[in-house]
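# Observations on the three-dimensional arrangement
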Amino acid sequence: MRFKRLKVKNIRSYSDLEIDFNDGVTVVSGVNGSGKSSLLEACFVGLFGHRGIPKDFVLADLVRKGCEEAAINLEFEHKGQEYAAIQEFRNNPETGKASTTRSYLEIDGEVVVNQATQTYESIRNLLRMDEEAYKNCVYIRQGDIDVLINARKKDRQRMIDDLLQIGRLEEYRERAKSARTGVGRHITETHARIKDQQEEIEAIDATKPVARKNQLNTDLKQLQQEVANLETMRDRTSTRIEKDRQHIEQYTRTQKQIDELDRGISGLEKRKKEALTSLESKRKEGDRLHKSILEIENKIQELYDYFGLDETTDVDNFTARTEKEERDAYEKISQIKNKQGLKLQERENSQKGLTETKQNLSALEEAIKKRSTQEKGRLKEIEEINQEYSVLEDEIGKLLENAQSMGFDQGKLDNLEELEDLLLNKQRHLHGKEKEVRTRLDQISKTLTEHRNLLEKGACPTCGQDLQGSTIANDTKEEELQRKELEEQLGKLTQDTQRAEEKIATLKEAGKIKKQVDEKRQKQLLINQKQENLTSYNEELKKQNQEDEKKKQEFSERIGKIEKDIKRAEDEIKEIQQTVNTATEHHNKIKENLESAKYLIKIRHDHTQMQSDHQHLKTGIADIQENVRFIDEQIAEKKRNKKQLENELGKENIEKLEKKLHEFQQAYQKIIGDIEEKNKQKTGLLKEIGQIETNLKRKKALQEKLKVFNNREKYLKAVKSDVESLEDMYMRLRADLRTRNIDALDRLLNEIFSFMYTNNAYSHIQLDTDYELTIYEKDGTPLEPKLLSGGERAIFNLVLRCAIYRLLSEGLAGGEYRNEMPPLIMDEPTVFLDRGHVHQLLKLIDLMRDMGVGQILIVSHDETLIDSADNVFEVQKDPTTNISSIIAQ
Ligand SMILES: Nc1ncnc2c1ncn2[C@@H]1O[C@H](COP(=O)(O)OP(=O)(O)OP(=O)(O)O)[C@@H](O)[C@H]1O
Ligand SMILES: [Zn+2]
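Okay, so let's go over this structure. On a predicted model such as this, the values are computed, not experimentally measured, just so you know. (Residues numbered from 1 in each chain as written. Chains lettered and ligands numbered in written order. Predicted model: local features only at pLDDT ≥ 70, side-chain atom pairs only at ≥ 80, totals over all residues. Heavy atoms only, no water.)

So, about the packing of helix H14 (residues 790-809) against helix H15 (residues 835-851). For the pair H14 and H15, the least separation of the axes is 12 Å and the interaxial angle reads 5 degrees. Comparing the axis directions of H14 and H15 gives the class roughly parallel. Of the residues in H15, those in contact with Ile 795, Leu 798, Cys 802, Tyr 805 and Arg 806 of H14 are His 837, Leu 841, Leu 844, Leu 847, Met 848 and Met 851. For the contact of H14 with H15, the residue count by class is nine nonpolar, one polar and one charged. (Axes fitted to C-alpha atoms, helices over the stretch in contact; angles between N-to-C directions. Helix = DSSP H or I, 4+ residues; strand = E, 2+ residues; numbered from the N terminus. Parallel < 35°, antiparallel > 145°, perpendicular 65-115°, else oblique. Contact = heavy atoms within 4.5 Å. Nonpolar A, V, L, I, M, F, W, Y, C, P; charged D, E, K, R; others polar.)

As structure tokens, then:
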């Protein structure tokens, strides 16, 4: 395999890179952080997709920061075909997570696989190694220097076995092993089945089925014979029973006929007796009827005599005439009665009028009487109030006399209010005056007292001046005069006031009298009014009474007239009554005759009916006599028949016959029971035979199955031993391959070791069949690899990997890898190496190139390596954009 071209978009520090790979040794150089390792990572991820990302990293770390889309396209050549593996990624800036959007593989520009897992599988099959194996031999990552050396024995074994394709043999062996256990399980199962079947067959044999079946068949034959015998017997008995039964039935039938005849005879005799009884009663009735006919004929003759008729008269016509007479008489009565009714009505009306008039009269008398009483009452009332009036007059006279004595005549009394006003005014005036004088008097008395006091002391209390002979002394005299005058005035005023008050009191007294007089006069006025009213009312009453007296006269006259009318009506009524009586008598006579005529018609009719009945009875008697004769004949006939049947039955003994029938029936039942029992036994036998036959069939089937299972067991055992030997073979093969490869690896390892290693502390390395790696010192002391120094470990690791790479590429491990190994990739292989070993590394690289390794890709700063390279990639990073670029030199 050879890398041809790498196209990269937005991977780590690259934004857009396209670089061609050439054969030979290519050294990638540049300053720290310029993007060298990123280039190798891009190739690795280009092949294995996201599985190629180092642990501790995620896909998003691979995508250049700030970019959403990224892609790697690695073109390579393998076994003469042009391939391109393309991986496309997308980074979600919001979640910060990246994912593979597409992963596909092209051959000669055509897409052959278009799905991530399939692309991965295809690359893995092409290279015959997964990403793990690739790292273990092809791509020596920076820092992974001593992975193989330090690995645990078991891991190393797995890693190397995987590379050498020995791992698959183990897989096959596992499969064979599980096949072996599977077959083993089948064998056990089959064996168990065989055992079950054998046991079942044995169980069937133990019952000795054939012998038992023969025995049962013999028994069955005998049983069938017995049943046949019983059936013959049963049929014979049945026939006999049938015959006897018929015989008995015949007997019973005849007996029944005889009984029937007996019943017929006694019925007929009963009927005969009844007929005779009826005959007797009919004869008696005939006699009775004959007597009645004779009586009726007598009565008819009597009536004929009464009416003067004979048999030839048409009685109906006669009766019709009498009926008309009777109606006329009745008519006459009712006419008279009508007339009488009218008269009665007239009288009644008059009486009613009389009663009414009498009532009116007494009502009038009552009213007149009542009014007179009222009039008297009022006259008395008038007298009383007149007396009251004169009492009042006296009282008024006395009151006026009183007033006169007080000086009040009628004129003054009428002006009392004006006088009172004048007096009250005067009184008020006097009061005002009195008050004024009294005030002045008080003032003067006070001044006078002061001045008198001063004069008594003799000097002014303020200035001490002598007061005798001063104005004060003069004033005092004056003042005393004034006081006297005022006191006199006051006395007069008091007298005046007293007088005025007395006058007012008198006036008030007179006022009271006047009021009383006025009241009494008012009363008198009311009395006059009342008297007038009473008088006019009495006049009215008097007038009415006069009118009513006139009416009374009229009523009395009318009563006399009505009483006369009544008397006349009653006489007439009596007269009519006499006529009614005569007419009624006449009518009754005619009515009696009519009834007799009707009775005649009735009994003449009865007579005819009776004669016809009598004839009827005679015919009935003759009929009955005929019937009795007929019954006698029937009885005789039946008796004859009965005699004949009794003769027929005479010899049979029915009881004996019935007993025999019963015995046969019992015997029949017993036979039936026996047959049933035998049949039951037969069914049992058949069932058992059936069971035995089923068992025999089952045995046959089991025997056939057993044969099949025996064959299967044999076959399974053979398969098992095959699988066991296969498992064995895979194990051996793996051991062989391992020994062979390990021998080769051990040889190459020591060869490269002695080529590479310049110091002489160690003599050789040993890789044993368990992949145990041991380093030997010059004196033969073995050392574990972990005891080596860092640089030594780097050298041994490099040596081990180159050995594996050589083993694979030279086709020693089965030939699959010959000349098809991917480019050998080394990231900073010189880091732990001293100058001498760097030199040896150069020589190792030359050796590998000479050996035919097509491409070797080395990241290094080492000038020597750069100088000896076939191609140099100078990696640079633009410090302003942080974008890496490569210049191929
Ligand atoms: N996802 C990324 N986006 C952008 N830049 C990145 C990303 N990942 C890594 N880088 C940058 O890519 C640069 C190259 O890293 P790389 O490991 O390839 O350097 P180098 O050349 O191998 O350096 P050294 O000689 O130290 O090994 C680093 O400086 C780093 O900052
Ligand atoms: Zn003084």
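As a further point, take the pattern of salt bridges. In total, this model carries 53 salt bridges according to the counting rule given. Glu 434 is paired through a salt bridge with Arg 438; the nearest N and O atoms lie 2.8 Å apart. Of this pair, Glu 434 and Arg 438 both sit in helix H11 (residues 416-457), separated by four residues, roughly a single helical turn. Owing to a relative accessible area of 40%, Arg 438 belongs among the partly exposed residues under this scheme. Salt bridges sharing partners connect three or more residues here, namely Arg 173, Glu 174, Arg 180 and Glu 727. (Salt bridge = Lys/Arg side-chain N within 4 Å of Asp/Glu carboxyl O. Buried < 20%, exposed > 50% of the residue type's maximum accessible area, 1.4 Å probe, protein only.)

Another aspect to go through is helix H1 (residues 36-48). Between its terminal C-alpha atoms H1 stretches 19 Å, which fits the 18 Å expected from 13 residues at 1.5 Å a residue. A large share of H1 lies buried, amounting to 12 of its 13 residues. For H1, every residue scored as buried is listed here: Lys 36, Ser 38, Leu 39, Leu 40, Glu 41, Ala 42, Cys 43, Phe 44, Val 45, Gly 46, Leu 47 and Phe 48. With its phi angle positive at about 65 degrees, Gly 49 sits one or two positions after the end of H1. (Expected span 1.5 Å × (residues − 1).)

For the rest of this paragraph, the subject is the site of ligand 1. Residues in close proximity to ligand 1 total 17 residues, the closest being Asn 32, Gly 33, Gly 35, Lys 36 and Ser 38. Between a nitrogen atom of ligand 1 and a main-chain N or O atom of Arg 12, the distance comes to 3.4 Å. With the chains in place, 73% of the 660 Å² that ligand 1 exposes on its own is no longer accessible. Across the shell around ligand 1, the residue classes break down as two nonpolar, eight polar and seven charged. (Near = heavy atom within 4 Å. Polar contact = N/O pair within 3.5 Å; in protein donor to acceptor, adjacent residues only side chain to side chain. Areas by Shrake-Rupley, 256 points an atom, 1.4 Å probe, with all protein chains shown as cover.)

Moving on, we come to the sheet that holds strand S10 (residues 773-777). If you trace the three strands from one edge of the open sheet to the other, you get S9-S10-S11, paired in antiparallel fashion. Looking at the sheet topology across the chains shown, the edges are occupied by strand S9 (762-767) and strand S11 (782-783). Two elements, S10 and S11, share two bridges in a ladder whose sense is antiparallel. Residue pairing in the sheet places Tyr 776 in a bridge with Pro 782 of S11. (Pairing = 2+ DSSP bridges.)

Under the criterion given, the structure shown has zero disulfides. Sulfur of Cys 67: no disulfide; nearest cysteine sulfur belongs to Cys 43 and is 20 Å away. (Disulfide = S-S within 2.5 Å.)

Regular strands place their side chains on alternate faces of the sheet. Judged from the five bridges that link them, strand S14 (residues 871-877) and strand S15 (residues 884-888) form a sheet pairing that is antiparallel. Along S15, the bridge assignment pairs Lys 877 with Ser 884. If you look at the hairpin formed by S14 and S15, you'll find six residues sitting between the two strands, and Asn 882 has a positive phi there, around 60 degrees.

Moving on, we get to the side chain of Arg 64. Relative to the helices and strands, Arg 64 resides in the loop between helix H2 (59-62) and strand S4 (69-78). No salt bridge is formed by the buried Arg 64. Its closest oppositely charged neighbour is Asp 16, at 9.5 Å. Residue contacts for Arg 64: discarding those within four places in its chain leaves Asn 10, Ile 11, Arg 12, Ser 13, Tyr 14, Ser 15, Thr 881, Asn 882 and Ile 883. (Lys, Arg positive; Asp, Glu negative; His and termini not counted.)

This part is about unusual backbone geometry. Despite not being glycine, Arg 128 shows a phi value in the positive range, around 60 degrees. Inspection of the secondary structure assignment puts Arg 128 in the loop between helix H3 (116-127) and helix H4 (131-137). The exposure class assigned to Arg 128 is partly exposed, which follows from its relative accessible area of 33%. Phi is positive for Glu 828, close to 50 degrees, though the residue is something other than glycine. Within the secondary structure layout, Glu 828 lies in the loop between strand S12 (824-827) and H15.

With that out of the way, let us pick up the pairing of strand S7 (residues 110-113). As paired elements, strand S6 (residues 97-107) and S7 share three bridges and run antiparallel to each other. Within the sheet, the bridge partner assigned to Ile 107 lies in S7 and is Glu 110. Hairpin remark: S6 followed by S7, antiparallel, with two residues in the connecting loop; positive phi at Asp 108, about 50 degrees.

Our focus in this paragraph is the sheet that holds S12. Strand order in the open sheet made by the six strands is S8-S12-S13-S3-S14-S15, with mixed pairing throughout. In this open sheet, the two strands that pair with only one neighbour each are strand S8 (139-140) and S15.

The next subject is the environment of Ile 336. You can see Ile 336 is positioned in helix H9 (residues 315-405). We classify Ile 336 as buried; its relative accessible area is 15%. Here the alpha-carbon distance between Ile 336 and Lys 670, two residues 334 residues apart in the chain, equals 118 Å. Ile 336 has contacts with Ile 576, Thr 579, Val 580 and Ala 583, leaving out every residue within four places of it along the chain.

On to the environment of Ser 238, then. Looking at the element boundaries, Ser 238 is found in helix H8 (residues 209-307). Note on Ser 238: relative accessible area 32%, which makes it partly exposed.

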